[in-house]
Amino acid sequence: MNLKKISLILCVLFISASMFTIHSAQASGGFVDVPKDHEAYEEINYLVSLGVIKGYTENGQTYYKPYNNVTRGQVAKMVVVASGNKPLVVNKSSFSDVAVGTELSGYVERAIQLGLFKTNIQGQFLPNKPLTRDEMSYVLTKAFKLDTSEYENIDSPFVDVGITNPYVTYVNTIYYNGITKGSGQNYNPNSQMTRAQFALFVARAKSEKYRLELPVKGVAVPDASQVIGLISVTTDGLNIRKSKDSSSTANVVGTVNKGGKLAVYAVEGDWLKVTYKGAFAYIYKTYAQFLDADSNALGNVQKQVTATQNLNLYAKPTSSSKVITSINSKTKLPVYKTVSGYHLTVVNGIPGYVVANSTEDVEVEKPTTPDPTPDPDPTPPTVSGDLLGRVTVDNLNIRKEANSTSAVVGKLKKGEYIQVNSINGYWAQVTYQGQKGYVHKSYLKLLNQSGNPLKDRIIILDPGHGGKDPGTVVGSNSEKAITLKVGTIVKQKLEAAGAKVYMTRTGDTYPSLQDRVDFTNANYGEIFVSIHVNSAANTSAQGTETYYAISTGDMYQEDIDLATFVNNQIVNNLNMKNRGVKEEQYYVIRNTIIPAILVELGFLTNGEDRGKMTDDKYAELFADSIYKGISQYYAKK
């Protein structure tokens, strides 16, 4: 065999081997830009084997592009496949920026159906927008059905994720499940992620094999099952301390502002033992109020009962929850409400739950409580006449009597209409299949069938800030003065149309955030509109934006309708920049189950917006726009 033939054979063998190597690498998910020593090499190839990722083929080679930002569209496909789901077949896209018939459309629609993303109310999915780390925590928690129950209402181990951050529960969940460790003390919630980083997170969420070691290694993590209650802080800047020593600033590990919520593990004299940054800490109990197991204020005492035997006081309305203390037979107990066969009561200043059928009612005069309303109405408003109610939630109970423990005689579906005969407080007497019953009016949109749509509607207006809290201030102009002026004019316009209107403040006073919620409940409000003024470090920021919140049991589509009508009226009538309608967990709107919005009229820090908000003529226009937006809401059937 001559030299030329030998060379030809060797060449063929080399090419064959090379082709086999390339084919094998691609078949196993290998990428030319992900070498074996890459930190995400194993996780990326694991996801390739599951069909979660494919990469890009360019010039005959396959790339993963690990350092490109991962987009919302890419994430939708990855998590749908990784969580064991398939794309939907759709004939109509839910989003203007996702074309029907494309591969992306099916994955996006399935991701939305599974609740993996918070939907964009402007009708867009934004598939090419990079996913942020806070959004990532939500997507992974939902996609892999991670249990959040142990991580709710506790502070984050990261200094840049506060207790009021709407994603704090999800950040806590992926942290304590070994999916992320953050960067030192920071989580960087608004930062974007690379494709390699997201592959690491998905692999960890999908498989225990790739999980990180338990956070806070070597330090005992507080056991959430031992929580005895939740508290809401009642002052700004409350110190959180390592120990029960108020004389030293050295043991201050952080602060929490009014409305912040903390889990309580024990009451030790004047101190509450809480958790902060994944460890035990202490706050002074004078500056906190206990909440119920659903993070709501206790409200007023409904009745008193006597224990008919020795009882346990439970942290939640279930006998499997933490036992806070024991109660002797014959002990008298106040009852704030009854939940699933348990009475919510308070023992030694700590709220908890006792088995209801182990108590008996006693006839006592209900204790009087301070009325937070500056404009009190001692009798529940009663409405009768030509009135319909449109049901805003599914499976709404119709009860035999006007109370939450009465027998259920029927159920209503979302969108159904029902005849309303009269309203007393929060209970509406209705006619259902020829028989009378009662439903909680918070779950009805009340629609007048004749006359002005606003007549007899109970509307709560909340001029933001006030008293010691001026809000945003620029020169001699303050937010509290602007919101009160506009709110007062709105009230006048609504009342002229026949509405029943209450304002959380009518002068330069400061009701707390909880006072405003209590005020709404005390006056049997049907919608709630909070009025505010915006600010920004950048003086070019301007425009109107309106917020709503999504909370348990809330009919948030009603919030969106109300917010959209009000926002658009202001934008159109005053030629304001439209910053849109957005979801945000502001305290006063997330703690009400009636349609509730918070409108930011404009930016006091912007010259053009400030000129309008401080001009009496424009104040009238702002007020008229809010009035017209409310009118539009009630005119919509």
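Residues numbered from 1 in each chain as written. Predicted model: local features only at pLDDT ≥ 70, side-chain atom pairs only at ≥ 80, totals over all residues. Heavy atoms only, no water.

1. Structural notes on the pattern of salt bridges
Piece 1. Taken as a whole and judged by the stated rule, the model has 21 salt bridges.
Piece 2. For Lys 303, the salt bridge is made with Asp 361, and the minimal N-O distance between the two is 3.2 Å. Of this pair, Lys 303 sits in strand β10 (residues 303–307) while Asp 361 is found in strand β17 (residues 359–362), placing the two residues 58 residues apart along the sequence.
Piece 3. Because the salt bridges share partners, they merge into one network encompassing Lys 493, Glu 620, Asp 624 and Lys 628. (Salt bridge = Lys/Arg side-chain N within 4 Å of Asp/Glu carboxyl O. Helix = DSSP H or I, 4+ residues; strand = E, 2+ residues; numbered from the N terminus.)

2. A word on unusual backbone geometry
Negative phi values dominate among residues other than glycine, just as trans dominates among peptide bonds.
Piece 1. One non-glycine residue with positive phi stands out, namely Asn 395, at about 55°.
Piece 2. Take Asn 395: it is sitting in the loop between β18 (382–391) and β19 (396–399).
Piece 3. A relative accessible area of 54% places Asn 395 in the exposed class.
Piece 4. Of note in this structure, Tyr 524 is not a glycine but carries a positive phi near 55°.
Piece 5. Assignment of secondary structure puts Tyr 524 in the loop between α9 (513–522) and β29 (527–534). (Buried < 20%, exposed > 50% of the residue type's maximum accessible area, 1.4 Å probe, protein only.)

3. Some words on the environment of Asp 245
Piece 1. Here Asp 245 is to be found in the loop between β4 (238–241) and β5 (252–256).
Piece 2. Separated by 37 residues in sequence, Asp 245 and Tyr 282 have C-alpha atoms that sit 9.0 Å apart.

4. Details of α9
Piece 1. If you check which residues of α9 are buried, you get Gln 514, Arg 516, Val 517, Phe 519 and Thr 520.
Piece 2. Looking at the buried residues of α9, the elements they touch are β9 (288–291), β25 (458–463), β28 (500–503), β29 and α11 (587–590).
Piece 3. Looking at the residues trailing α9, positive phi occurs at Tyr 524, about 55°. (Contact = heavy atoms within 4.5 Å.)

5. Examining the packing of aromatic side chains
Piece 1. Tallied over the entire structure, the rule returns 15 aromatic pairs.
Piece 2. Seen from their ring centres, Tyr 314 and Tyr 342 are 6.3 Å apart, and the 80° between their planes marks the pair as edge-to-face. Of this pair, Tyr 314 sits in strand β11 (residues 311–314) while Tyr 342 sits in strand β15 (residues 342–347), placing them 28 residues apart in sequence.
Piece 3. Taken together, Phe 158, Tyr 175, Tyr 176 and Tyr 187 form an aromatic cluster joined through their ring pairs.
Piece 4. A cation over an aromatic ring shows up here: Lys 65 above the ring of Tyr 56, its NZ or CZ 4.5 Å from the ring centre.
Piece 5. Residue placement shows Arg 72 over the ring face of Phe 125; its charged tip is 4.6 Å from the ring centre. (Phe/Tyr/Trp six-rings, centres within 6.5 Å; stacked < 30°, edge-to-face > 60°. Lys NZ or Arg CZ within 6 Å of the ring centre and 35° of its normal.)

6. Focus on the packing of helix α5 (residues 133–143) against helix α7 (residues 195–206)
Piece 1. Interhelical geometry of α5 versus α7 gives an angle of 25° and a closest axis separation of 11 Å. Taken as axis vectors, α5 and α7 run roughly parallel relative to one another. As for the relative orientation of α5 and α7, their crossing is right-handed in sense. Contacts from Arg 133, Met 136 and Leu 140 of α5 reach α7 at Phe 198, Phe 201 and Val 202. (Axes fitted to C-alpha atoms, helices over the stretch in contact; angles between N-to-C directions. Parallel < 35°, antiparallel > 145°, perpendicular 65-115°, else oblique. Left-handed = near helix turned anticlockwise from the far one by under 90°.)

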